[in-house]
Amino acid sequence: MICFEEVTIAAGSGTLLDALSLSIGAGAPTVLIGPNGAGKTSLLRAAMGLLEPTRGRIAWDGEPRRAIVFQRPVMLRRSAAANIRFAQVGADRTTELLALVGLAHAADRPARRLSAGEQQRLALARALARDPAVLFLDEPTASLDPASTKAIEDVIRRVSGRIKVVLSTHDLGEARRLAGDVVLLHRGKVVEAAAASCFFDSPRTDEARKFIAGELLV
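Please read all numbers here as calculations on a predicted model, not as lab measurements.

Undergrad: Where do I start with the side chain of glutamate 174 in this structure?
TA: Here glutamate 174 lies in helix H6 (residues 172-178). Although glutamate 174 lies buried, it forms no salt bridge, and the closest oppositely charged side chain, arginine 177, sits 4.8 Å away as judged by the N-O distance. A distance of 2.8 Å separates the side chain of glutamate 174 from the side chain of threonine 169, its partner in a polar contact. Among residues more than four places away in sequence, those in contact with glutamate 174 are Thr141, Thr149, Glu153, Leu167 and Thr169.

Below, the structure written as structure tokens:
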């Protein structure tokens, strides 16, 4: 579906992605993990077309519709339903999306007065209103309580049968629960990429073993 070919993205005197090569196919969610500054957000932004490679290229199999939800989504100064209608969908589709993310009761509430978890679910609904084939999620449950985290994960499970989800997370438990495959990034490079069961049960690299054990990568 998407192929990074020796992609480097420079920023000032630093490097966000460093000759990164990775193929992401259809199927269950792909989960990106790694320490702060590993390149997870940069990879998602590059895949979305928001960052241009300095070198290398990103190749798609066709031009699928894409959507992205950032860690701290911006809510428009209008109701929850109107935030979704802003994506130019009708009333029936808006109602369907609010129900999908568990916010049918909040349709007429100001979006900016929703809780952090509810705002994240509303951002998911707004992204899904674009009917994407690929959905990128940048740490969608960061700083959320367990109940809000479960609500977000439930939405991801509901849509991942028909939409390719690529998400980043610091939560290894979440990676275990959601991932079909896992990509470990460090210093802008792919350290290890494997099916989730293989990654967690039989990691091939020292970096993966250390990261799973909760040790710092230097």
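Undergrad: Explanation requested: helix H5 (residues 146-159) in the structure shown.
TA: At 3.6 residues per turn, the α-helix brings residues three or four places apart onto the same side. Its 14 residues give H5 an end-to-end C-alpha distance of 20 Å, which sits within 8% of 20 Å, the value for a rise of 1.5 Å per residue. Buried residues of H5: Ser148, Thr149, Ala151, Ile152, Glu153, Asp154, Val155, Ile156 and Val159, and no others. Here the buried face of H5 lies against helix H3 (91-100), helix H4 (116-128), strand S6 (134-138), strand S7 (164-168) and H6. Where H5 begins, the capping side chain belongs to aspartate 145, and its oxygen is found 3.2 Å from the backbone nitrogen of alanine 147.

Undergrad: Would you take a moment to explain the pattern of salt bridges for this structure?
TA: Once their charged atoms are close, side chains differing in charge can pair, the charge on each being opposite to the other. On inspection of all chains with the given rule, the structure shows 13 salt bridges. In this structure, aspartate 18 engages lysine 189 in a salt bridge whose closest nitrogen and oxygen atoms are separated by 3.5 Å. Of this pair, aspartate 18 sits in strand S2 (residues 14-24) while lysine 189 sits in strand S9 (residues 189-195), placing them 171 residues apart in sequence. For the salt bridge of arginine 177 with aspartate 171, the shortest nitrogen-to-oxygen distance reads 3.9 Å. For arginine 177, a relative accessible area of 43% translates into the label partly exposed. Look at aspartate 171 and you get partly exposed, because its relative accessible area is 33%.

Undergrad: What am I meant to see in the environment of serine 42 here?
TA: Following the sequence through the fold, serine 42 ends up in helix H1 (residues 40-48). In this structure serine 42 comes out as buried when scored by relative accessible area, which is 12%. Measuring from C-alpha to C-alpha, the distance between serine 42 and arginine 78 comes to 30 Å, with 36 residues separating the pair along the chain.

Parameters at a glance
Residues numbered from 1 in each chain as written. Predicted model: local features only at pLDDT ≥ 70, side-chain atom pairs only at ≥ 80, totals over all residues. Heavy atoms only, no water. Helix = DSSP H or I, 4+ residues; strand = E, 2+ residues; numbered from the N terminus. Buried < 20%, exposed > 50% of the residue type's maximum accessible area, 1.4 Å probe, protein only. Lys, Arg positive; Asp, Glu negative; His and termini not counted. Salt bridge = Lys/Arg side-chain N within 4 Å of Asp/Glu carboxyl O. Polar contact = N/O pair within 3.5 Å; in protein donor to acceptor, adjacent residues only side chain to side chain. Contact = heavy atoms within 4.5 Å. Expected span 1.5 Å × (residues − 1).

Keep in mind these numbers describe shape, not what the thing actually does.
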